[in-house]
Amino acid sequence: MAYALLGFFLVLVIAQMVVVWKAAPDWRWYQITPVVLTMILAVVFIYPTAGALKSRQAWHKVKEDLETRVEQVRAEQMELLYGDPNDPLATDGVQPMSQKLAKLGVEAGRRWRGLRMTQANLDGEASITLTAPADAIADGLAPDADDADAEQAPPRRLIPEDMVVYGFGERPQPGVDIPMPVFYLGEFRVTSSTANQVSLTPTGPLMRAQAQAINGRQATSWSLYELLPLDSHVPFIAEGSVGDENSLFGRMNEQRIRALLGNSVSPATLQAYLEDGRRSKPDDPPLTRWVKIQFTQNHSIVVDSPDKRDALSGGFFDGSGRAVDSRLQQGNGGEVKFKREDELVLKEEAANALLDEGVARLVNTYYQRPLNDYRFVLRRIRLRIAELRQRQTELNFEQEILQRAVDATVSMLTSNQTEKLKLEQDLAQTEIERIALEKYNATISADLKAAKQKLISLYRSNQSLENELEQIHGAITGRPSALTAAN
């Protein structure tokens, strides 16, 4: 190709020379000279021009490759930020995960992890000392010694004093780089705090298992939370499962539920976790009935409360269910607007109110496990344990009295058994005597009967003799009278 181009240029130069030679008689020097110079310059600069074109072609290819790579990087960046909308099995992007992380941070509050227990004394005035690891100090928990303003600034504290925190014992978990909380150790108040150490006292009597875990040094690694974790439906949903008309949340991860709950809950509670999100049944309790509705027209609902306070002052919501914590409030008038055909899942009472207004239609009803408010659950458990302990004391006292009664009864039965043996012996002797008396009574009765018959016979004989005597007496008495009358 290069030789063909060179030959073409050679032929072109010869042709131009012939043309100049033929036109020389009619041209002047100042006409011939520019044409010759132009031809020479065209031949000279054809190679730099070709090199420039070749370089431009290479750079243009580089530009196209870079533009293609930029588009790929932008697509990868969008996928990393927001996930792949075309792949339902793809993981969430950075933005949704950041939003979830921020939501979890709002729910969890401040937390201090990886604290090491250096001292524990639960006798008398209970006190527990925890120390932060060195890497936590390096992250800014302690003031910088080289900072000139550090000496004038107030000493930094690991946790603010007088704060109520909730302690959890940590243990390594498979597939997780950091220890995870696995055991609740109780509610504590911070009595003193430095940059790398904190002292705690329990706010109430600890349960036996908690005291054993602390005294037995089983919980050497601690996590402290400003707020107790909130209950949720999401952690128990199987990975990749999505909701449908028969299940609001999707398939529950039975293996995870049984691994987390196991035998620590009743079968009814375990069944409630396994059936979470299913279609509702007629016999479901009212508090578990949730309704999916579809709006038939545009509608707005006020979700922000006029009261402004933080969650620690009385919860996240007011009595009507509107948000009082600024971190949860909607803003912009405090209204959530819904468009026609938008779907929403509400409690049965709220859904019925919207259905009665005629702004929505019923889609389906579902069973949802009531979520636990662990602040009240733990307090209720503590009160229940205290009540059971009091009841146990009463039952122990009653059992002691009952045991004394049983011992007295056993002693009485033992003594009565001896008396019973004696009475049985007396009964046998009495039976012998009774038989002898019956025989003797029969003999006496026979003799009495014979004597009675004899007496009757004698009585009759006496009566007969008495009659005879009366007759004789009468006869004797009548004879003197007769003699007297004869004289």
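Analysis parameters
- Here the residue numbers are simple positions, counted from 1 along each chain's written sequence.
- Given that the model is predicted, a residue must reach a pLDDT of at least 70 before its local features are reported, and side-chain atom pairs must reach 80 or more before they are shown or counted; all residues, however, enter totals for whole chains, interfaces and linings.
- Side-chain numbers here rest on the full set of heavy atoms in the structure, without hydrogens or water.
- Throughout, the protein atoms alone are placed on a 1 Å grid, and a set of points is a cavity if a 1.4 Å probe fits but cannot get out or a pocket if it is open with protein on both sides within 12 Å along at least five of seven lines; lining residues have an atom within 4 Å of a point.
- Grid points are joined across faces, edges and corners, and a volume is the space filled by probe spheres set on the points.
- Here a strand is any run of E in DSSP of at least two residues, a helix any run of H or I of at least four, and the numbering for each starts at the N terminus.
- Here the nonpolar group is Ala, Val, Leu, Ile, Met, Phe, Trp, Tyr, Cys and Pro; Asp, Glu, Lys and Arg are the charged ones; every other residue, Gly included, is treated as polar.
- For two strands to count as paired, DSSP must find a minimum of two bridges between them.
- Orientation is described by lines fitted to C-alpha atoms, with helices fitted over the stretch in contact, and by angles between N-to-C directions that extend from 0 to 180 degrees.
- In this analysis, rings of Phe, Tyr and Trp, with Trp reduced to its six-membered ring, are considered paired at centre separations within 6.5 Å, and the interplanar angle assigns stacked below 30 degrees, edge-to-face beyond 60, and tilted for intermediate values.
- For every residue, the accessible area (1.4 Å probe, protein chains only) is compared with the maximum for its type, and the residue is labelled buried under 20%, exposed over 50%, or partly exposed between those bounds.
- For this analysis, a polar contact is any N or O atom pair within 3.5 Å, provided that within protein one partner can donate a hydrogen and the other can accept it, and provided that sequence-adjacent residues contribute only side-chain to side-chain pairs.
- Contacts are assigned to residue pairs with any non-hydrogen atoms lying within 4.5 Å of each other.
- Expected span, for any helix, means 1.5 Å times one less than how many residues it has.
- Two axes define the bend at a residue: one fitted to the seven residues ending there, one fitted to the seven starting there, and the bend is the angle between them.

Attention now moves to empty space enclosed by the protein. Scanning the entire structure with this criterion turns up one cavity of 30 Å³ or more. Reported here for the largest cavity is a volume of approximately 50 Å³. At the level of secondary structure, the elements contributing two or more residues to the lining of the largest cavity comprise β4 (180-193) and α9 (374-486). In terms of residue class, the lining of the largest cavity is made up of four nonpolar, no polar and four charged.

Spatial strand order, β10-β7-β11: three strands in an open sheet with antiparallel pairing. The sheet is open, and its two edges are formed by β10 (343-347) and β11 (360-367), each paired on a single side. Direction aside, the axes of adjacent strands within the sheet are offset by 30° on average. Two elements, strand β7 (residues 289-295) and β10, share five bridges in a ladder whose sense is antiparallel.

This paragraph deals with the packing of aromatic side chains. Applying the stated rule across the entire model yields five aromatic pairs. Centre to centre, the rings of Phe168 and Tyr184 are 5.3 Å apart; their planes meet at 55°, and the pair counts as tilted. You can see Phe168 sitting in strand β3 (residues 164-171) and its partner Tyr184 sitting in strand β4, a full 16 residues away along the chain. A relative accessible area of 12% means that Phe168 is categorised as buried.

With that out of the way, let us pick up the side chain of Gln294. Looking at the element boundaries, Gln294 is found in strand β7. A distance of 2.8 Å separates the side chain of Gln294 from the side chain of Arg361, its partner in a polar contact. The residues touching Gln294, leaving out its near neighbours within four places in the chain, are Glu341, Asp342, Glu343, Ala360, Arg361 and Val363.

Before going further, it helps to examine helix α2 (residues 29-82). If you check α2, its first and last C-alpha atoms are 75 Å apart, about what 54 residues at 1.5 Å a residue would give, namely 80 Å. Largest kink in α2: about 35°, centred on Phe45, with the proline Pro48 one to four residues after it. Just downstream of α2 lies Gly83, where phi reads positive at about 85°.

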